[in-house]
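Analysis of the macromolecular model
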Amino acid sequence: MMQSNSMQLLDKWKSAKDGLIHAPRPPLAGKHTGTFAFYTIRDRIPVILTKVINDVNQALFKLPADAPPATAEEGKAVIERLAALRYQMQRDHPMRPLEDSLPDAPVWNEFLATYWPNAGHFQAAWLAQECYVYRRIREALALSPAWADYDPFRLDKAISLEKSIPVLTLLSAHVDGLVQHAAADAADEHARATALGELIMFSLWGNAVDLSLLAGSHSLDTAALGDKMIREAAAGVVVNDLDRVVRALLALRGGRVDFVLDNAGFELTADLLLAEWLVAAGLASHVVFHVKAFPWFVSDTTTADFAETLDTLAPHLPSRVAHWRALLSEGKWRTHVDPFWTLPHAYYHLPSFPVADELRMADFVIFKGDLNYRKLVFDCAWDVTTPFNEAIGPLAVPGVLPPFVSLRTCKSDVCVGLTAETAAALEGVKDWMVSGKHAVISFKE
Ligand code: F6P
Ligand code: MG
């Protein structure tokens, strides 16, 4: 479908009053005291910003003696800008327009002026606000040329991946068997369905590792998580379309599968194992990994993180990483960067952005993680029994996107697609929406 047609179909989701695309239910927002959004803006993001300030400060201390004086001066300016952002956020100041001249700044500023003019951090939609904070971190760095490409989350990502190596080594050995049989078992659909289901579960639970939830501590027990992945994968999956997803993927014969990636390191490795199997089984001839254009939500995968994950794993999983690198150099795998993934827009807006054309070249799309889910369902106050196809608005219209699945562990106050029975059973479960112990596999045919 061409972009202009996509624009027309969006009309149905535009408000009659102002012609804009608003959340179909009240958006989650920090102004609702006691919600996860409120605590995130009041407590979690300030901790993340303090960590970023400390990281830049440490980097300043470590500057070589012969570094140009401007580098230190510019670094101090970065810290001042970050501290100002923290101050403005905590006092609910308006989310001012961006002041850098990066290519995405006009789109950001148009969005802010259109949807949240002069809105304070607690007043705006949490989705827009939280994305804005990461874009302001980007601004704080970009305004100091010597620091423009600095990743203040790099160390966190590296430490987390190092800690995951033992469990990833075990997982990789386990996947060896699944990959060896992938092609050989072509006639045995049951064996293939089981292996594929297992790999999807690894990729799903890999999303339980999200460094923004840890707000910088390194206490995550990845070994226990690996155990959970292997032994109790289905427990905790509150919306489970796995069988339909497996059937749809098994029907591919050498198609293209796109991953809209989330976190680097552990989660990315689980995603790569799934992608490897899809190619080995002949289901995907090409896999495209959509990465973030700049450091985002602490642990999301950038192009540099993709390469760094492979570099870190190479000494531990030499033949596997060599194979992945061969897939990349043969063009069977590739990464793709698009500015859309680091904009604040919910995916109701996706059909009017060029990235929709790229996604339509895929036969199947896998959206990873919590933030992608929030954007798919517009991060608003849906009743939990709302069908997924209703909550994704224009994305459910045939032809707008290929079939897709959202693999997400629940880490925010929004969830749809539950049966009435599951909803009732979860009523008494404290914090089930945000604890990361529950998950959804939600499929759009
Ligand atoms: O900080 C809030 C949040 O959006 C949560 O929803 C989630 O914990 C995290 O940030 C991002 O999670 P993910 O890496 O799974 O997208
Ligand atoms: Mg993430």
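The notes below deal with the structure included here.

Scoring rules and cut-offs
Residues numbered from 1 in each chain as written. Chains lettered and ligands numbered in written order. Predicted model: local features only at pLDDT ≥ 70, side-chain atom pairs only at ≥ 80, totals over all residues. Heavy atoms only, no water. Helix = DSSP H or I, 4+ residues; strand = E, 2+ residues; numbered from the N terminus. Polar contact = N/O pair within 3.5 Å; in protein donor to acceptor, adjacent residues only side chain to side chain. Contact = heavy atoms within 4.5 Å. Salt bridge = Lys/Arg side-chain N within 4 Å of Asp/Glu carboxyl O. Buried < 20%, exposed > 50% of the residue type's maximum accessible area, 1.4 Å probe, protein only. Donors = N, O, S within 2.8 Å, 3.2 Å for Na, K, Ca; no water. Pairing = 2+ DSSP bridges. Right-handed = clockwise from strand over helix to strand, strands pointing away. Phe/Tyr/Trp six-rings, centres within 6.5 Å; stacked < 30°, edge-to-face > 60°. Lys NZ or Arg CZ within 6 Å of the ring centre and 35° of its normal. Near = heavy atom within 4 Å. Areas by Shrake-Rupley, 256 points an atom, 1.4 Å probe, with all protein chains shown as cover. Nonpolar A, V, L, I, M, F, W, Y, C, P; charged D, E, K, R; others polar. Axes fitted to C-alpha atoms, helices over the stretch in contact; angles between N-to-C directions.

All right, on to the side chain of Thr386 then. When you line up the elements, Thr386 lands in the loop between helix 15 (369-376) and helix 16 (388-391). Polar contacts involving the side chain of Thr386 include one to the main-chain carbonyl oxygen of Asp383, which spans 2.6 Å. Residues within four places of Thr386 in sequence aside, it is in contact with Ala391, Val416 and Gly417.

Here the focus is the pattern of salt bridges. In a structure, side chains of opposite charge can pair up when their charged atoms sit close to one another. Inspection of every chain in the model, using the stated rule, returns 31 salt bridges. Here Arg244 makes a salt bridge to Glu445, at a shortest N to O gap of 3.0 Å. Separated by 201 residues along the polypeptide, Arg244 in helix 10 (residues 242-250) and Glu445 in the segment after strand 7 (439-444) bring together distant segments of the chain. By relative accessible area, which is 30% here, Arg244 ends up partly exposed. Given the relative accessible area of 63%, Glu445 is considered exposed. For Asp258, the salt bridge is made with Arg256, and the minimal N-O distance between the two is 2.7 Å. Accessibility classification places Asp258 together with Arg256 in one group, the buried group. A single network of salt bridges, built from pairs that share partners, joins Arg96, Glu99, Arg136 and Glu139.

With distances of 2.0 to 2.2 Å, the protein atoms coordinating the magnesium ion (ligand 2) are Asp262 (OD), Asn263 (OD1) and Asp300 (OD). Taken in chain order, the donor set of the magnesium ion (ligand 2) reads D-N-x36-D. One end of the pair, Asn263, is in the loop between strand 2 (255-260) and helix 11 (266-280); the other, Asp300, is in the loop between strand 3 (284-291) and helix 12 (303-313), with 37 residues separating them in the sequence. The pair Asn263 / Asp300 is uniform in exposure class, with both members buried.

Now for helix 15. Burial runs high along helix 15: eight of the eight residues are buried. The complete set of buried residues in helix 15 reads Gly369, Asp370, Leu371, Asn372, Tyr373, Arg374, Lys375 and Leu376. Count one or two residues on from helix 15 and you reach Phe378, which has phi positive near 70°.

Across the eight residues of strand 3, six count as buried, placing the element largely inside the fold. Where strand 2 lies against strand 3, six bridges are found, and the strand directions are parallel. In the strand pairing of strand 3, Phe259 is matched with Phe289. In this fold, strand 2 hands off to helix 11, which returns the chain to strand 3; that crossover is right-handed.

The full count for this structure, using the stated rule, is 26 aromatic pairs. A centroid spacing of 6.3 Å and a plane angle of 55° characterise the contact between Phe38 and Phe122, whose relative ring orientation is tilted. Within this pair, whereas Phe38 is found in helix 2 (residues 36-61), its partner Phe122 is found in the loop between helix 4 (105-115) and helix 5 (126-142), the two being separated by 84 residues in sequence. Pairing Trp147 with Tyr150 gives two aromatic rings, centres 5.2 Å apart and planes at 70°, and the pair type is edge-to-face. Using a relative accessible area of 3% as the deciding quantity, one classes Trp147 as buried. When its relative accessible area of 24% is taken as the criterion, Tyr150 is described as partly exposed. The ring of Trp126 carries the charged tip of Arg374 above its face, separated from the ring centre by 3.5 Å.

Time to look at the site of ligand 1. With respect to spatial proximity, 17 residues lie near ligand 1, and among them Glu130, Asp262, Asp370, Arg374 and Lys411 are the closest. Asn207 is positioned such that a nitrogen or oxygen atom in its side chain is 2.9 Å from an oxygen atom of ligand 1. Between an oxygen atom of ligand 1 and a side-chain N or O atom of Asp370, the distance comes to 2.2 Å. For ligand 1, whose unbound accessible area comes to 390 Å², protein coverage reaches 99%. Every element with two or more residues in the shell around ligand 1 is listed here: helix 2, helix 5, helix 8 (211-214) and helix 15. Ranked by the residues each element gives to the shell around ligand 1, the list is headed by helix 15, at four residues. Counted by class, the shell around ligand 1 contains four nonpolar, six polar and seven charged residues.

Right, let's talk about the sheet that holds strand 6 (residues 404-409) for a bit. The strands making up a sheet associate through backbone hydrogen bonding, with each pair oriented either parallel or antiparallel. Strand order in the open sheet formed by seven strands is 1-7-6-5-2-3-4, and the pairing between neighbours is mixed. In the strand order of this sheet, the two ends are held by strand 1 (237-240) and strand 4 (333-337), each with one partner. Neighbour-to-neighbour, the strand axes of the sheet open up by a mean angle of 15°, direction not taken into account. Against the sheet, helix 7 (residues 189-206) makes contact with strand 1, strand 5 (364-368), strand 6 and strand 7, and its axis sits at roughly 50° relative to strand 6, the strand it touches most.

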